[in-house]
Amino acid sequence: MAKRLATDVCSVYLQEPDRPDLTLSATVGLLEEAVGRVKLPVSEGLVGLAAERRAPVVVERAREHPRYRYFPETGEERFASLMAVPLLLRGSTIGVLVVQTLEERAFERHEVESFLTCAQLIAPIVVNARLISIVGQSDESTVAAGSTSAGVQTGESARVQRTRTQRLQGTSAARGIAIGPVYHLGNPLDLASLDYLPGESAQSEERDLMHAVGEARRELDAVREDLGDRFGPDFSAVLNAQVQILEDKGLLAKLRREVRDTASAFEALRNVLAGYRETFARIEDPYFRDRILDVEDVGRRVMEQLIGERQHLQPLSQGAIVVTDNILPSHFARLEIEKVGAIVSEHGGPTSHGAIFARTLEIPAVTGVPGIQQAARAGETAIVDGAEGLVHLAPDERLVEEYEKARQHYEIAIDHLDALRDRPAETADGRRIALTANCGLMGDLRLVDRHGAEGVGLFRTEMLALVHRGFPEEEEQEQLYDRVAAALAPRPLTIRTLDLGGDKEIANLRSAHQDNPQLGKRSIRLSLANPAAFRAQVRAILRASTRGNVRLLLPMISSRHELQSAKQLIDETKEQLRVDHTPFDTDIPVGVMIEVPSAALIADVLAQDCDFFSIGTNDLTQYTLAVDRGNEDVAHLYDPLHPAVLALIDRSVRAARRAGIPVSLCGEVATNPLAIPILLGIGIGELSGTPSAVPIVKEIVHALTSADTEAQARRACAASTAQEVHRIGAECLEGAGLLEHPDIGPWLVSIVQSVTADD
Ligand code: PEP
Ligand code: MG
């Protein structure tokens with residue numbers, strides 16, 4: 001970096017977790033001896049200032065600055081100008097990156113920006129390096145990879161007992177809290193530990209290898225069937241990808257070539273897998289990178305056939321926290337899944353097939369936790385907080401108690417409320433509200449039934465595209481939609497056309513690089529640019545509409561022209577089906593998602609050309625407030641209860657009312673207790689959210705009255721800040737007596753308290 005920015009010095013100062021000092025940890029240009037010796041508190045020096053402000057510090061004449069501090073060890077007096085940027089990870093400062101020059105120099109804006117970018121890239125590397133060194137140094141690791149670790153001395157033998165709780169951060173893959181003993185699911189592809197004696201010739205090895213492939217294929221068929229029976233057709237569909245891999249001519253040719261070269265079936269398989277691993281590792285798109293797991297899973301299956309051995313799993317204890325390298329689809333067939341409390345993986349991301357399965361089965365899961373396999377000890381207690389992507393190893397009693405309480409509250413409430421699932425959702429004065437679910441998989445329908453949702457208010461169709469790495473086959477879409485429609489009928493099903501791009505990126509459907517993908521060619525824009533694929537999807541939806549309960553929803557409409565273009569394609573598709581004598585629901589309602597401010601502002605116009613509105617507050621908030629919904633750095637600005645967002649919701653509802661069309665809301669805020677009274681008061685007639693939240697929303701709806709919600713909604717729409725709206729929401733919950741509710745009261749109290757604390 002020193003070279004790139006043409007500076008004389010570049011140094012890294014790191015802050016140890018739980019320590020106030022910054023330590024000079026590496027340098028080019030300062031005296032080597034100073035490394036590890038120069039320590040300064042965050043409150044001192046220009047370097048400390050960057051850490052304290054968590055923002056860049058750029059000073060042309062450093063020595064004249066009041067925060068300048070001199071360290072003779074560094075030989076620093078010779079340097080004139082300085083630029084320091086903090087190393088931040090998930091909002092915590094872990095160090096500071098600094099460049100200095102001998103000559104006075106004003107750093108330009110683009111230099112500061114590129115230095116900041118470097119800091120962003122370096123921060124996770126620093127954390128990983130720290131973790132690796134910790135794990136390598138000692139088995140009694142006491143320091144978290146991230147920034148925090150709760151310190152509680154147990155006083156027991158340091159050999160077997162960790163001295164402190166260790167908190168590791170990963171990525172949330174499936175919500176839920178689990179507390180249980182750690183269970184290591186060893187890496188089944190630990191090829192180094194496998195014994196293999198090759199046969200006498202390359203030909204016999206090739207024969208054995210191809211036989212193993214054939215057997216693996218047969219086994220896969222059986223597993224596919226079993227998974228389908230146990231968990232639903234989505235599960236077996238995912239394994240189709242693995243069947244395809246096993247049938248892939250390229251893979252088979254590679255295996256044959258390798259086995260001829262090495263005269264060992266084992267070597268051949270190992271080399272081919274290593275090659276795939278290397279190739280996948282270079283892929284930028286995380287979804288595609290995660291697909292290596294399917295190849296690995298298949299490879300393991302062939303390997304087991306080859307060596308005639310199977311990975312023997314130790315019996316699971318009830319509620320076990322399964323710690324593994326990657327969450328693989330085959331784990332769901334091998335493990336006694338009813339006993340699994342949570343799954344945590346060191347690698348992979350939330351889009352891997354295994355993670356998707358965990359979500360569908362409501363098993364809390366966290367992926368991508370650096371060092372977890374080394375850090376977690378078999379049998380020790382761990383807490384998994386799926387929603388936050390957190391794992392606490394060897395938690396102290398207080399933490400266990402806290403999480404246990406939260407988990408019990410939630411479960412008791414859900415069980416109790418689920419038992420009342422057949423009660424309709426209506427306010428205390430009898431206004432009927434439809435409570436529906438957001439789904440994306442066939443397997444999700446189990447949750448719809450379990451939690452008593454009245455139908456599916458939003459069926460996201462991206463999942464199939466994700467599984468297929470592109471536009472899915474029409475036939476497969478048709479089968480899925482028809483199965484879902486049949487399973488739900490006569491309950492309603494709203495199928496949304498593909499909403500790819502933005503936060504649901506698929507590399508090979510992306511056009512060229514887009515600087516602002518959220519504002520780019522995504523969603524309906526992508527569909528209109530690929531009319532053949534759009535028509536195919538519409539045809540599949542229309543065919544399923546014979547079940548009589550299907551509505552078609554268009555995402556991200558931003559203009560009348562877009563709506564008309566989409567409708568024209570729909571009309572043409574209908575015409576084609578008529579000509580082919582293919583039955584479909586000729587009155588299928590076609591709706592528009594109101595998730596772009598322009599759509600809300602011209603809602604009156606759009607309402608003329610569609611049959612219903614579905615308000616998508618996730619995107620509406622992002623676009624109204626200019627806050628990227630996936631960017632942690634601006635997450636504190638993202639608030640669907642911002643008065644500007646409420647104004648657009650209100651405007652859309654009024655337009656719908658004038659046109660006489662129904663309006664639902666399907667963003668995450670639909671299940672936010674503070675928002676429910678206000679949304680009902682504005683006039684939303686259907687709330688669609690995550691299935692498990694339906695019973696809670698129902699309880700809240702029951703306690704409210706129309707007159708009260710309308711009055712409070714008027715106040716909320718006139719509020720000047722989001723905080724004010726939160727307060728109004730909190731008052732509504734309190735006024736309706738919900739804080740004393742035996743099941744959800746304690747949880748609502750904590751929400752109301754956090755609103756008060758914000759004040
Ligand atoms: C929304 O934007 O509010 C919405 C429901 O759609 P998605 O989250 O799939 O973008
Ligand atoms: Mg959206």
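Just above, that's the structure.
Throughout what follows, the structure given in this document is the object of discussion.

Parameters at a glance
- Residues numbered from 1 in each chain as written.
- Chains lettered and ligands numbered in written order.
- Predicted model: local features only at pLDDT ≥ 70, side-chain atom pairs only at ≥ 80, totals over all residues.
- Heavy atoms only, no water.
- Helix = DSSP H or I, 4+ residues; strand = E, 2+ residues; numbered from the N terminus.
- Buried < 20%, exposed > 50% of the residue type's maximum accessible area, 1.4 Å probe, protein only.
- Contact = heavy atoms within 4.5 Å.
- Areas by Shrake-Rupley, 256 points an atom, 1.4 Å probe, with all protein chains shown as cover.
- Near = heavy atom within 4 Å.
- Polar contact = N/O pair within 3.5 Å; in protein donor to acceptor, adjacent residues only side chain to side chain.
- Pairing = 2+ DSSP bridges.
- Axes fitted to C-alpha atoms, helices over the stretch in contact; angles between N-to-C directions.
- Core = buried A, V, L, I, M, F, W, Y, C linked by side-chain atoms within 4.5 Å.
- Donors = N, O, S within 2.8 Å, 3.2 Å for Na, K, Ca; no water.
- Expected span 1.5 Å × (residues − 1).
- Phe/Tyr/Trp six-rings, centres within 6.5 Å; stacked < 30°, edge-to-face > 60°.
- Lys NZ or Arg CZ within 6 Å of the ring centre and 35° of its normal.
- Parallel < 35°, antiparallel > 145°, perpendicular 65-115°, else oblique.
- Left-handed = near helix turned anticlockwise from the far one by under 90°.
- Nonpolar A, V, L, I, M, F, W, Y, C, P; charged D, E, K, R; others polar.
- Right-handed = clockwise from strand over helix to strand, strands pointing away.

## Examining the overall build of the protein chain
In terms of regular secondary structure, the protein chain is built from 27 helices and 22 strands. Expressed as a percentage of its 759 residues, the buried residues of the protein chain come to 53%. In the protein chain, of all internal contacts separated by at least 6 residues, the share reaching a separation of at least 24 is 66%. Of the roughly 32,800 Å² of accessible surface on the protein chain, 50% is carried by carbon and sulfur atoms.

## Details of the site of ligand 1
As a matter of local geometry, ligand 1 sits amid 14 residues, with Arg-460, Arg-496, Gly-616, Asn-618 and Arg-629 nearest to it. Between ligand 1 and Arg-460, the relevant distance is 2.7 Å, taken from an oxygen atom to a side-chain nitrogen or oxygen of the residue. Contact distances for ligand 1 include 2.9 Å between an oxygen atom and a side-chain N or O atom of Arg-496. The element best represented in the shell around ligand 1 is helix H21 (residues 617-625), accounting for three residues.

## What to know about the sheet that holds strand S11 (residues 340-345)
The sheet built from eight strands is open, its strands ordered S7-S14-S13-S9-S10-S11-S12-S8 with mixed pairing. Here the strands that pair on one side only, and so sit at the sheet edges, are strand S7 (166-169) and strand S8 (171-174). Between one strand and the next, the sheet's axes are offset by a mean angle of 30°, whatever the strand orientation. Where S11 meets strand S12 (residues 365-367), two bridges bridge the pair, whose relative direction is parallel. Looking across to S12, one finds that Val-344 is bridged to Val-366.

## Topic: the nonpolar core
Counting residues in each nonpolar core, the largest one holds 96 residues, and the members touching the most others are Leu-554, Phe-613, Ile-649 and Leu-687. Looking at this core, the element that brings in the most residues is helix H22 (residues 643-659), giving seven residues. Apart from the residues lying within four places of it in its own chain, the contact partners of Phe-613 are Val-592, Ile-594, Ala-603, Leu-606, Ala-607, Ser-652, Ala-656, Ile-661, Pro-662, Val-663 and Ser-664. Membership of the second largest hydrophobic core comes to 50 residues, among which are Leu-209, Met-210, Val-213 and Val-322.

## Quick word on the coordination of the magnesium ion (ligand 2)
In the first shell of the magnesium ion (ligand 2), the protein supplies Glu-595 (OE) and Asp-619 (OD), at 2.0 to 2.1 Å from the metal. Taken together, the residues span a long stretch of sequence, with Glu-595 in the loop between strand S19 (590-594) and helix H19 (597-601) and Asp-619 in helix H21 at a distance of 24 residues. Residue class for Asp-619 comes out buried when judged on its relative accessible area of 2%.

## Brief notes about helix H26 (residues 722-735)
Over its 14 residues, H26 runs 20 Å from end to end, which matches the ideal 20 Å to within 8%, given 1.5 Å per residue. Listing the buried residues of H26 in full gives Ala-722, Val-725, His-726, Ile-728, Gly-729, Ala-730, Cys-732 and Leu-733. Gly-737 sits one or two positions beyond H26 and adopts a positive phi of about 75°.

## As for the packing of aromatic side chains
Enumeration according to the criterion identifies zero aromatic pairs in this entry. The side chain of Arg-551 reaches across the aromatic face of Phe-612, ending 3.7 Å from its centre.

## Focus on the side chain of Ser-545
Its place among the elements puts Ser-545 in the loop between helix H17 (531-544) and strand S18 (550-554). Residue classification places Ser-545 among the buried residues on the basis of a relative accessible area of 1%. When neighbours within four sequence positions are excluded, Ser-545 is seen to be in contact with Val-550, Phe-584, Asp-585 and Ile-588.

## Overview of the sheet that holds strand S16 (residues 456-459)
One closed barrel holds the eight strands; their spatial order is S15-S16-S17-S18-S19-S20-S21-S22, and the pairing between them is parallel. Sheet twist, expressed as the average angle between the axes of neighbouring strands with direction ignored, equals 25°. In terms of strand pairing, strand S21 (residues 663-665) meets strand S22 (residues 686-689) through two bridges, oriented parallel. Residue pairing for S22: Ser-664 is matched across the bridge by Glu-686.

## Here's the deal with the pairing of strand S9 (residues 177-185)
Each regular strand displays side chains that alternate between the two surfaces of the sheet. Two elements, S9 and strand S13 (residues 381-385), share five bridges in a ladder whose sense is antiparallel. Bridging across to S13, Ile-177 finds its partner in Asp-385. Bridging between S9 and strand S10 (residues 320-324) involves four bridges; their strand directions are parallel. What sits directly across from Tyr-183, in S10, is Val-322.

## With respect to the packing of helix H15 (residues 474-488) against H17
In the contact formed by H15 and H17, the axes pass within 8 Å of each other and the chain directions differ by 30°. As far as their axial angle goes, H17 and H15 are roughly parallel. The two elements H15 and H17 cross, and the hand of that crossing is right-handed. Along the contact surface, H15 presents Glu-474, Gln-477, Glu-478, Tyr-481, Asp-482 and Ala-485, while H17 presents Ala-536, Gln-537, Arg-539, Ala-540, Ile-541, Arg-543 and Ala-544. Looking at the contact of H15 with H17 residue by residue, the class counts come to six nonpolar, two polar and five charged.

## Looking at the environment of Arg-421
In this structure, Arg-421 sits in the loop between helix H12 (397-419) and strand S15 (434-439). Taking relative accessible area as the criterion, Arg-421 reaches 33% and is therefore assigned partly exposed. Sequence separation between Arg-421 and Pro-695 is 274 residues; the distance between their C-alpha atoms is 6.9 Å. Setting aside residues up to four positions removed in sequence, Arg-421 forms contacts with Asp-449, Arg-450, His-451, Gly-452 and Lys-698.

## Remarks on the pairing of S16
With three bridges joining them, S15 and S16 adopt parallel strand pairing. Paired with Asn-438 across the strands is Leu-458, a residue of S16. The parallel pair S15 and S16 is bridged by helix H13 (residues 444-451), and the resulting crossover is right-handed.

None of the figures reported here should be taken as evidence of function without further support.
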